[in-house]
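A look at the structure
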Amino acid sequence: VTLSTSLHDEYYDEKLDWEKCDSGLECAKVTVPLNWEKPSADSVQVALIKHKATGARDGSLLVDPGGPGESGVELVDYGVDNAVDSTVAKHYDVIGFDPRGVGLSAPAITCLSDSQQDAYLYAPTVGAVGSKPWIADEEKRAKTLADACATNTGPLIAHVDTVNAAHDMDVVRAALGEKKLNYLGYSYGTYLGAVYAGLYPKNVGRMVFDGPY
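For the structure given in this document, a descriptive report is provided here. On a predicted model such as this, the values are computed, not experimentally measured, just so you know. (Residues numbered from 1 in each chain as written. Predicted model: local features only at pLDDT ≥ 70, side-chain atom pairs only at ≥ 80, totals over all residues. Heavy atoms only, no water.)

A count of helices and strands for the protein chain gives seven helices and seven strands. In terms of overall dimensions, the protein chain has C-alpha extents of about 60 × 40 × 30 Å along its principal axes. The buried share among the 213 residues of the protein chain stands at 43%. At a minimum sequence separation of 6, the contacts of the protein chain that also span at least 24 residues come to 68%. Of the roughly 11400 Å² of accessible surface on the protein chain, a fraction of 52% belongs to carbon and sulfur atoms. (Helix = DSSP H or I, 4+ residues; strand = E, 2+ residues; numbered from the N terminus. Buried < 20%, exposed > 50% of the residue type's maximum accessible area, 1.4 Å probe, protein only. Contact = heavy atoms within 4.5 Å. Areas by Shrake-Rupley, 256 points an atom, 1.4 Å probe, with all protein chains shown as cover.)

Backbone-to-backbone hydrogen bonds pair the strands of a sheet. The strands run either parallel or antiparallel. Strand order in the open sheet formed by seven strands is β1-β2-β3-β5-β4-β6-β7, and the pairing between neighbours is mixed. Edge positions in the sheet fall to β1 (19-20) and β7 (204-210), since each of these pairs with one other strand and no more. Seen against the sheet, helix α6 (residues 162-175) touches β2 (26-33), β3 (43-51), β4 (59-64), β5 (92-98) and β6 (181-186) and runs at an angle of roughly 130 degrees to β2. (Pairing = 2+ DSSP bridges. Axes fitted to C-alpha atoms, helices over the stretch in contact; angles between N-to-C directions.)

Each disulfide consists of a covalent bond between the sulfur atoms of two cysteine residues. A full pass over the atoms with the stated rule returns two disulfides. There is a disulfide in this structure between C21 and C27, and the S-S distance comes to 1.7 Å. Sign of the S-S torsion, about 120 degrees for the bond between C21 and C27, identifies this disulfide as right-handed. Given the relative accessible area of 13%, C21 is considered buried. Here C111 is linked by a disulfide to C149, with a sulfur-sulfur distance of 1.9 Å. Note on the C111 and C149 pair: the S-S dihedral is about 105 degrees, so by sign convention the disulfide is right-handed. In this pair, C111 is assigned in the loop between β5 and α4 (114-122) and C149 in helix α5 (residues 132-153), connecting sequence segments 38 residues apart. On the accessibility criterion, C111 (18% relative accessible area) is buried. (Disulfide = S-S within 2.5 Å.)

And the structure:
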């Protein structure tokens, strides 16, 4: 997808307002277009958390634990050693992020109430696994879930995908003040990083893909 840089200047000019998190780290949110092909329309926010370099700083390192749907904010918040070793944490500001629709990013994806979620997850099996009645019931339940997500989440649901998340990462790079994006992706995060590299090859810094998806 080719994008006009001039249409996105307001996003690329953002300054992050870091505040202390409950864990003692620093948290912020960056604003990105809801629809990257129509940046003048609505926007969403991507949540970030920062563990500052403990020694001589070499830059920022964005990390994603994969999933898709896992929280990079939680990954770093629960302990930077969950994401990187002590040598990396010494020289890089380790930045965890929640891709759009995930965790603390806003708005959130909303599908079922707690009771509806329990019913969806723990409903008794209809027929033998693999049988026609079982397949029909699984398809019906999946459609119910998808319809609930679309209804309760609103416009965001149509724009939660890897390409949009990769575009968001470039705004994060700019907001961090980095000319190149240093990135560590685990599992599905490796695919997200590869898509970013395809979209922004000139902005690629040091990239590590662990457990290719």
